[in-house]
Amino acid sequence: MVFAAPGDALARAERVLETDPAPLHASVAHQVIGIWQRDFGDMRIALGHLRRARALAAHAESPEREADVLATLGVALVHAGRTRQGLTAFEQGVARGTGHTRARVLYRRAYVWWVLGHHREALEDVRRAIPVLRQADDVIWTARALTLRATVHLALGAVERADADFAAAERLWETTGQEHDKADAVESRGLAAFRSGDIPVALRLLDEAEERYAKLGTPTFMLYIRRCEVLMAAGLAPEALAEADAAIAALDRIGGQSTRKAELLLAAARAARSAGDPHTAIARAAVAVRLFAGQRRTWWETHARLVLIEARVATGRSSGRLVADAAAVADRLAAFGSPSAPEASLLAGRIALDLGWTVDAERHLAVAARSRSGGPPLARMTGWAAQALRARAAGSTRGVLEACRRGLDVLDDHRMTLGASELRARATAQGAELAALAQQASLAGGGPRRLLEWSERWRATVLSAPPTRPPADPVLLSGLTAFREIAARAEAARMEGRPVPALEREQRRLEREIRSRTHHMRGDSLGDGNRFDAGRLLERLGEGRLVELAVLDGRVQVLLCGQGRVRRFEGGPLAEAVAEAEHVQAGLRRLAHPGAEGRLPLVEAAGRRLEELLLGGAVAHLGDGPVVVVPPGALHRVPWALLPSLRDRVLSVSPSAGSWLRARETEPPPGGRHVLVRGPGLATGGAEVPELAGRYGAATVLSHEDARVPRVLEELDGAALAHIAAHGTFRADSPLFSSLRMADGPLIVHDFERLDRSPYRIILSSCDTARLASVGADELLGLVTALLPLGTAGVVASSAPVNDAAVVPLMLALHKGLDTGLSLAEALRDARAAVPDDAVHRATGWAFAAFGAA
């Protein structure tokens, strides 16, 4: 009962003890309380009850009862870090029990072997237990044993065997009322889905398991460990680190299992390493190594040592000692049959290469490269990364490029199984090393055109296909509605000076729920078969130029496309350009307010320095036609119209050359519907909208109470042109919650992703609507990049705060140009020239950019 209704079992056991029961019954009651405390509470209390249960069983002269208690005590002792005492308890339990009882003891010892990382011993004990449990028709314990065997198979990388055992266990669980065990089965299926490479299903099942545990009131720290692993694979390492640290704190508060604390520390170390925080990773991994060693858990200790070495290397350390340590870890992991062994061999080979030890590097990399032929996607990518490094050490550019291509193809296929655009974008970080190796090889021996192709190979890939449209999920839809209502109430309270902590807490909870539901979506498209074609790009450019900026070894490489060829020019250090762009943004913020005219020369001078850093010698070859700029993620906030050579040009910006091509070839929708939206709270009241309504005549106008999110989305779907005058809010912490303020609350990126087709052209006339978050390898998330894969061919938006009053004449001039048949980029150039020539209006014009190709 303690695993069917844990709270009820605990209460009944305590009532039994109040009745002065016989020793046999008292032994059972103390054992139940011990199990509850062991798994859900204080380990010290658990051990006290279990020792009392054993003494009472001996007093009752029941060897079978004593054997059963000894098994429970053995598990508790191992979880408390007292491994030797725990194994001794099991030896005694196996000796005292017979038949059915001994089979249950063997099952629990198999569980302990799994905890300790002794997988072969675990399989042997569970192999002996299952036939006896089946013969006794013990459904519950047979299901537990099958679940355990499946979990051990997963640890050894045998996913198909694990699936078969999980399926058999689940059929048995459905015939029982063991609700905690059923939740554990759902959690285990989530782990199996993850091991087979299905992250959306894994996240959905782990969330379902958490809901089941919450109903029972039983915290389970193994669930947190597993979810951390899945979150890291999904590119959500900061979230995994926060979850692991929170679980460690909760475990410490209740005095929980020492074994679980060590595992959580290992999960936190892995997450910190993936999140680019090697010092935190070292701190967590070092404690995990000490705990595992004290618990005599060599399998786990070896995995923690691998993370510790990786983190030390990430801080810049490189030595022969580290090569030897990594190689020793690789050998031990291989002996254990761990799927992590190739990762350790790759690490040893990478350190050896840094030291110039080519013979040692080749030996280790050759071992790691074997994993490229099979297994989960990330394991195969490890193998291809090793193969690419081998080829580079051998001086084979062709070999490097082939290995990188194959590895990125694996990641492409994996990425497209993810439905959520956020997960697709973040997953690309796992291909960053392969992409960088390919670009370096192209620069060294392939010419500018090949460097362009490889720059495009892993740039803005999330825009290459629309995200999976969110399903008509009533929970998700109600969550979005509730989020909008709470956010609107919180905003109103802030404006009135009322406290909002409770509303903010509920808003954060709803954000987590919405994000979680979208992460469950599976991808419904295959990898991008429409590879970038440099020839097609050059043909489409005509008399124009496309400037793609690649970053290699910290320096900007300028790839100038046009006149039928690709040329390369050297730019400056990326770090200097990023710092200069931040200075420019600060200047534009000041210039948005009257009285800051003195800043104008400083901002213009910064624009000249940016041009030198970012365009270099390419400036002299831009010609007279239109220019498309394709910046890397780190430079997405540069106001390109500020650069002297671009100031008076037809200028557009695109996340990638491929996305510009797709926008260029996107056909406008039939009907030519115009939609004008005016949100609340603008200083000018969205003064341009009434004038535009008069100009367009038949346009749909939504303002005041009509500008509510459901109605706005309905009108935007499939429109030819949409103009939205509304306050924009950019969320760097969660870019898909960046929003436009409507009458009933925020219109967020998740809402836009529900459109069948976003407007062909869209103009966002408020602050910060073009701000984006750089994630993954070189991906951008935000309002603009949400629209481009959904059918929008052109966007005008601002990357900085702007003066509301100065926006109105700029927007009216922009639409005047569109009326004459100009593109967005052409109309924006003319609009900048048409507004008053003062600091505020000039800064406003520079802040806006045309994205895409419409």
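Everything quoted here is computed from the prediction, not taken from an experiment. (Residues numbered from 1 in each chain as written. Predicted model: local features only at pLDDT ≥ 70, side-chain atom pairs only at ≥ 80, totals over all residues. Heavy atoms only, no water.)

Caption draft 1: Quick peek at the packing of helix 28 (residues 574–591) against helix 29 (residues 600–614). Running from N to C, helix 28 and helix 29 cross one another at 155 degrees; their axes reach a closest spacing of 9 Å. Viewed along their axes, helix 28 and helix 29 adopt a mutual orientation that is roughly antiparallel. At the point where helix 28 passes helix 29, the crossing takes the left-handed sense. Between helix 28, through Glu-576, Ala-577, Glu-580, Ala-581, Val-584, Gly-587, Leu-588 and Leu-591, and helix 29, the contact on the second element is made entirely by Leu-600, Val-603, Ala-606, Arg-609, Leu-610, Leu-613 and Leu-614. Along the lines of polarity and charge, the residues of the contact of helix 28 with helix 29 split into eleven nonpolar, one polar and three charged. (Axes fitted to C-alpha atoms, helices over the stretch in contact; angles between N-to-C directions. Helix = DSSP H or I, 4+ residues; strand = E, 2+ residues; numbered from the N terminus. Parallel < 35°, antiparallel > 145°, perpendicular 65-115°, else oblique. Left-handed = near helix turned anticlockwise from the far one by under 90°. Contact = heavy atoms within 4.5 Å. Nonpolar A, V, L, I, M, F, W, Y, C, P; charged D, E, K, R; others polar.)

Caption draft 2: Examining empty space enclosed by the protein more closely. Taken as a whole and judged by the stated rule, the model has six cavities of 30 Å³ or more. Considered as a void within the structure, the largest cavity measures approximately 110 Å³ in volume. For the lining of the largest cavity, the element with the most residues is strand 16 (residues 848–852), which contributes four residues. Among the residues forming the lining of the largest cavity, the class breakdown is 13 nonpolar, two polar and two charged. (1 Å grid on protein atoms, 1.4 Å probe; cavity = no way out; pocket = protein on both sides within 12 Å on 5 of 7 lines; lining within 4 Å. Points joined across faces, edges and corners; volume = space filled by probe spheres on them.)

Caption draft 3: Seen up close, the environment of Trp-384. Structurally, Trp-384 can be placed in helix 20 (residues 377–393). Between the C-alpha atom of Trp-384 and that of Leu-123, which follows or precedes it by 261 residues, the distance is 32 Å. Excluding residues within four positions of it along the chain, Trp-384 makes contact with Arg-372, Ala-403, Arg-406, Gly-407, Val-410 and Leu-434.

Caption draft 4: Quick look at the confidence of the model for the protein. In this model, the protein carries an average pLDDT of 90, and 98% of its residues clear a pLDDT of 70 or more. The weakest mean pLDDT in the protein belongs to strand 14 (residues 779–781) at 75; the strongest belongs to helix 36 (residues 824–834) at 97. (pLDDT = per-residue confidence, 0-100.)

Caption draft 5: Inspection of the environment of Ile-724 at higher detail. Tracing the backbone through its elements, the reader meets Ile-724 in strand 8 (residues 721–725). Along the backbone, Ile-724 and Gly-395 are 329 residues apart, and their C-alpha atoms lie at a distance of 54 Å. What Ile-724 contacts, discounting residues up to four positions off in sequence, is Val-677, Leu-716, Leu-740, Met-742, Ile-762, Ile-763, Leu-764 and Ser-765.

Caption draft 6: The arrangement of the nonpolar core in detail. The biggest cluster of nonpolar side chains holds 104 residues, and the ones touching the most others in it are Leu-614, Trp-640, Leu-646, Ile-724, Leu-740, Met-742 and Val-795. Per-element tally for this core: the top contributor is helix 35 (residues 804–819), with eight residues. Setting aside its immediate chain neighbours within four residues, Leu-614 contacts Leu-549, Val-556, Val-558, Ala-577, Leu-635, Val-638 and Trp-640. (Core = buried A, V, L, I, M, F, W, Y, C linked by side-chain atoms within 4.5 Å. Buried < 20%, exposed > 50% of the residue type's maximum accessible area, 1.4 Å probe, protein only.)

Caption draft 7: Fine view of the packing of helix 16 (residues 298–314) against helix 18 (residues 341–355). Contact geometry for helix 16 and helix 18: axes closest at 11 Å, N-to-C directions at 30 degrees. The orientation of helix 16 with respect to helix 18, classified from their angle, is roughly parallel. Seen from above, helix 16 lies across helix 18 with left-handed handedness. Across the interface between the two elements, Leu-306, Ile-309, Glu-310 and Val-313 from helix 16 touch Glu-343, Ala-344, Leu-347 and Ile-351 from helix 18. Considered class by class, the residues forming the contact of helix 16 with helix 18 number six nonpolar, no polar and two charged.

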